[in-house]
Amino acid sequence: MGRYILKRLLQGVVVVIGVTVFVFVVTRLVGDPVKFMLPLSATEEERAARRSELGLDDPIPQQFGRFVGDIGRLDFGESTYVRGEHSLEVVLDFLPRTLQLVAFGMVIALIFSLPLGIFASRHPGSWVDRTLTTLSLVGLSMPQFFLGYILLIVFTVKLTWFEIGPGPWYTNLVLPAVCLALPAIGRLSMVVRSAMIDELNSQYAKVAKAKGLPQRRVVGVHALRNAGIPFVTLFGWEVIRALAGYTVVVETVFNWNGIGFLAVTAIKNNDFFLTQTIVIVVAVLVVIVSILIDISYKVIDPRVKLG
Amino acid sequence: MSTVHGTDEWTAQESDALAATEYEESITGRPYELQGAQRGLLGDLVHDKLGLASAIFLVVLATSALLAPWIAPYEPNDGNLSSALLSPVWHGGTWAHPIGTDWQGYDVFSRLLYGARTSLFIGIAVVAVAGTFGVMIGLIAGYKGGRTDRVLMGWVDVQVSFPGLLLAMLLIALVGGSVYTVTIILAINGWMVYGRMTRGIVLSVRERPFVEAAELVGCSSRRVILRHILPNLVSPLATLAVLEFARIILAEAALSFLGLGIQYPGVSWGLDIARAGEHELFGNQWLIVYPGVLLSLTVLSVNLLSSWLRVALDPQEREKRFAATATGGSNAAAAGV
């Protein structure tokens, strides 16, 4: 177990290094970071001055060495958008808001997808099952930002249940979290449904039923535990994708000031250092979550051999 | 979790499938397999009502997207404030602007047509580029094995863990957003899934006798890969490509929505939803709804079509579905209750 975690951590380090190198190559070779940082009206002299100030006219290997060294010392450069603040501090300021949103959204997804999926698998072809299947297909096909606008139009503009602008955190949190959770509920409940149908159909479930166990126990204890593995895989994917992508869109629709919103703002304001910091921090988060998922397999299914 | 075929895993679905097959053979006096071959792919589509409706919708959409410059009544960025926010025809508007105009006086119908053009073009182009590259990498990794396989799959693993959307945003900010840059960047972000799938199938196919036989008679590895292994990939890859097409359309819309994809003067549904969301959230919300609904319908149709394709291309799935309809919707049997 310990060796496995160590191996996964090493893999994670490789991923983070990969992302870092990618960011370096892309920003230094594909584009000109100074073009990204200064307004279009800047003169050639201003650009050259800025370039030498940042050491961007040094040879590429030397720049790369300094880039890696700086990141190793957790020095990500100063943000130009949030003036004078250290990029990493800005990101860490915004991060809790995103984690709060993802946590709340994923809890909603968990609470609804499991019972819905199990119910659908117990009564296939019932109206609940058919409604759920149809809705999840529609949910899968709807862009999340459009879903967000629909929620805003219906609940904020028409019904005025929620207010636009600052309010108590829990009312502001509800719509973005629901927007994050709904497509996930669709996908997750479908996985629970098909995994449960497979498990309930298997020999051991029939044996359990034949020897007279109550249906509740067959479903809740025997089948659910085995159906848990595909569910955990997909749930982990949902968390990762929420962190690395969905929150950007959801936070933009709802003006939720987490790191997704910060990323869009940083890019649009040509804040070069802040942008690359966000990318690297998100990569680290993704690695951590994926290691946690792998460990949770072992907890659910003792047969799983890690390594 | 797929059904194991063998005598000891005789599940309810399988016995249903057999009963249904025997039933149909007893009516028509012809083996079931032959009937499938006779119906063909398109014949099959007619029986799947949702699949058929999606196919028709997509054909109409693709045709109007292709012909947009000729059938759109206006240029997408052509309008003035004197004709702003006109109502659609069914709300007392005129046929001059069938779906009305937005707050800048742009014709909504024309913008929807040009938006379809962008979405479908990027979807097809990305699937073609990313698919070709991914399949190539997967074929090489799966067939060569050993160190080549480890290096290539290591690359795939690392890139899969990248925060794709953020990197795409960063890249587009650096190189500028146009149909071509968005296509290339989405392809860079999306080839890995083809690589993984191709490698998996190649690994299972390459141990089969016909591949060994081809190698024994001295076929070059190029010939073994292209003539003997590749045909086995066609049906799973077709299904994957269709699903990816839907995903790419959504990704393009999301990037354009964030202002980091297609930009003015380009036209995109995602961009239009963002514009309308900024200006008309408290005004004419229909301007958010039109492009949103069209985008959702397109993706929904592609998803429905892909589920039809999956069934149509896989004989085992066909039997399962047929069993379900022939025994009177016996999903109940499938669940074992």
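What counts, and where the lines are drawn
Here, residues in each chain are numbered from 1, in the same order as that chain's written sequence. The order in which chains are written sets their letters, starting at A; the order in which ligands are written sets their numbers, starting at 1. For a predicted model such as this one, the threshold for reporting local features is a pLDDT of at least 70, and the threshold for listing and counting side-chain atom pairs is 80 or more; totals across whole chains, interfaces and linings nevertheless cover every residue. Where helices and strands are cited, they refer to DSSP runs of H or I of at least four residues and of E of at least two residues respectively, numbered from the N terminus. To sort residues by exposure, count the other C-beta atoms lying within 10 Å of each residue's C-beta; 20 or more gives buried, 12 or fewer gives exposed, and values between give partly exposed, all with C-beta atoms placed from the backbone. We call two residues in contact when their backbone-placed C-beta atoms lie within 7 Å. When residues are sorted by character, Ala, Val, Leu, Ile, Met, Phe, Trp, Tyr, Cys and Pro go into the nonpolar class, Asp, Glu, Lys and Arg into the charged class, and all the rest, Gly among them, into the polar class. An expected span of 1.5 Å times one less than the residue number is assigned to each helix. By definition, a residue's bend is the angle between the axes fitted to the seven residues ending there and the seven starting there. Connectivity within a nonpolar core runs through C-beta atoms within 7 Å, and the core itself is a set of buried Ala, Val, Leu, Ile, Met, Phe, Trp, Tyr and Cys residues. Helix axes are fitted only over the stretch in contact, all axes being lines through C-alpha atoms; the angle between N-to-C directions runs from 0 to 180 degrees. The labels follow the angle: roughly parallel below 35 degrees, roughly antiparallel above 145, roughly perpendicular from 65 to 115, and oblique for the rest. Left-handed describes a crossing whose near helix is turned anticlockwise from the far helix through less than a right angle; right-handed describes the clockwise counterpart. Each residue carries a pLDDT value, the predictor's own confidence for that position, ranging from 0 to 100.

Student: Looking at this structure, how should I read the overall build of chain B?
Tutor: For chain B, the helix and strand inventory stands at 16 helices and zero strands. For chain B, the residues scored as buried account for 40% of the 337 residues in total. Contacts spanning at least 24 positions in sequence make up 68% of the contacts within chain B whose residues lie at least 6 apart.

Student: Explain the interface of chain B and chain A here, please?
Tutor: In many analyses, interface size is given as the accessible surface area lost on bringing the parts together. Contact residues are listed per partner, giving 42 residues for chain B and 48 residues for chain A. Looking at the side of chain B that touches chain A, the elements with two or more residues in it are α7 (164–175), α12 (234–257), α13 (269–280), α14 (286–313) and α16 (331–335) of chain B. With 10 residues, α7 of chain B is the largest single contributor of residues to the side of chain B that touches chain A. Split into classes, the residues belonging to the side of chain B that touches chain A amount to 30 nonpolar, 12 polar and no charged.

Student: What is the right way to look at the environment of Trp237 of chain A in this model?
Tutor: Residue and element names in this part refer to chain A. Mapped onto the elements, Trp237 comes out in helix α10 (residues 215–254). Judged by the 16 C-beta atoms lying within 10 Å of it, Trp237 falls in the partly exposed class. For the pair Trp237 and Glu85, spaced 152 residues apart in the sequence, the C-alpha separation amounts to 33 Å.

Student: Would you explain the environment of Met196 of chain A in this entry?
Tutor: Residues and elements named next belong to chain A. Mapped onto the elements, Met196 comes out in helix α8 (residues 169–200). When the C-alpha positions of Met196 and Lys211 are compared, they lie 20 Å apart, and in sequence the two are 15 residues distant. Excluding residues within four positions of it along the chain, Met196 makes contact with Gly117, Ile118, Ser121, Ala223 and Ala227.

Student: Explanation requested: helix α7 (residues 144–158) of chain A in the structure shown.
Tutor: An α-helix turns once every 3.6 residues. As a result, residues three or four positions apart point the same way. All names here are of chain A. For α7, with 15 residues, the first-to-last C-alpha span of 20 Å sits near the 21 Å given by 1.5 Å per residue. Bending of α7 peaks at approximately 25 degrees at the position of Leu152. At the exit of α7 stands Thr160, carrying a positive phi of roughly 45 degrees.

Student: Explanation requested: the nonpolar core in the structure shown.
Tutor: Here is a general trend for soluble globular proteins: nonpolar side chains tend to be buried in one another's company. If you look at the biggest cluster of nonpolar residues, it comprises 147 residues, and the most contacted ones within it are Ala263, Ile278, Val279 and Val282 of chain A together with Leu166 and Met169 of chain B. At 17 residues, α10 of chain A tops the list of elements feeding residues into this core.

Student: Could you clarify how one ought to interpret the packing of helix α6 (residues 146–160) of chain B against helix α9 (residues 192–205) of chain B in this entry?
Tutor: Residues and elements named next belong to chain B. Contact geometry for α6 and α9: axes closest at 10 Å, N-to-C directions at 140 degrees. Overall, the two elements α6 and α9 adopt an arrangement that is oblique. Considering how the two elements wind past one another, α6 and α9 form a crossing that is left-handed. From α6, Met153, Val156, Gln159 and Val160 reach across to α9, where they touch Met192, Gly195, Arg196 and Arg199.

Student: Where do I start with the confidence of the model for chain A in this structure?
Tutor: Interpretation of the predicted coordinates at a detailed level should be avoided for regions scoring low in pLDDT. Model confidence for chain A is summarised by a mean pLDDT of 83, while 93% of its residues fall at 70 or above. Element-level pLDDT for chain A is lowest in helix α2 (residues 33–37) of chain A, with a mean of 66, against a maximum mean of 91 in helix α5 (residues 87–122) of chain A.

Student: Mind showing me how you'd approach the environment of Glu46 of chain A here?
Tutor: Residues and elements named next belong to chain A. With respect to the secondary-structure elements, Glu46 resides in helix α3 (residues 44–53). Note on Glu46: 13 C-beta atoms within 10 Å, which makes it partly exposed. Counting along the chain gives 85 residues from Glu46 to Thr131, while the straight-line C-alpha distance between them is 62 Å.

Student: Mind showing me how you'd approach α10 of chain A here?
Tutor: Residue and element names in this part refer to chain A. Taking 1.5 Å of rise per residue, 40 residues should cover 58 Å, yet α10 covers just 44 Å from first to last C-alpha, more than 12% shy of that figure. Helix geometry: α10 is bent most strongly at Tyr246, by close to 55 degrees. One or two residues past the end of α10 sits Asn255, with phi positive at roughly 50 degrees.

Student: What should I look at first to understand the confidence of the model for chain B in this one?
Tutor: Residue and element names in this part refer to chain B. Of the residues in chain B, 79% reach a pLDDT of 70 or more, and the chain-wide mean stands at 80. Every residue in residues 1–9 scores below 50 in pLDDT, and together they form eight contacts with partners more than four places removed in sequence or on other chains. Long-range and interchain partners of residues 33–38, a stretch whose pLDDT sits below 50, account for three contacts in this model, where long-range means more than four residues apart. Reported confidences for the modelled complex are a pTM of 0.82 and an ipTM of 0.85.

Student: I'm lost on the packing of α5 of chain A against helix α12 (residues 272–300) of chain A in this one. Help?
Tutor: To characterise two packed helices, one gives the angle between the axes of the helices and the distance between these axes. All names here are of chain A. Closest axis-to-axis distance for the α5/α12 pair is 9 Å, and the angle between their directions is 55 degrees. On the basis of their axis angle, the class for α5 and α12 is oblique. Between α5 and α12 lies a crossing whose hand is right-handed. Residues Ser87, Leu88, Val90 and Val91 of α5 pack against Phe273, Leu274, Thr277, Ile278 and Val281 of α12. When its residues are assigned to classes, the contact of α5 with α12 shows seven nonpolar, two polar and no charged.

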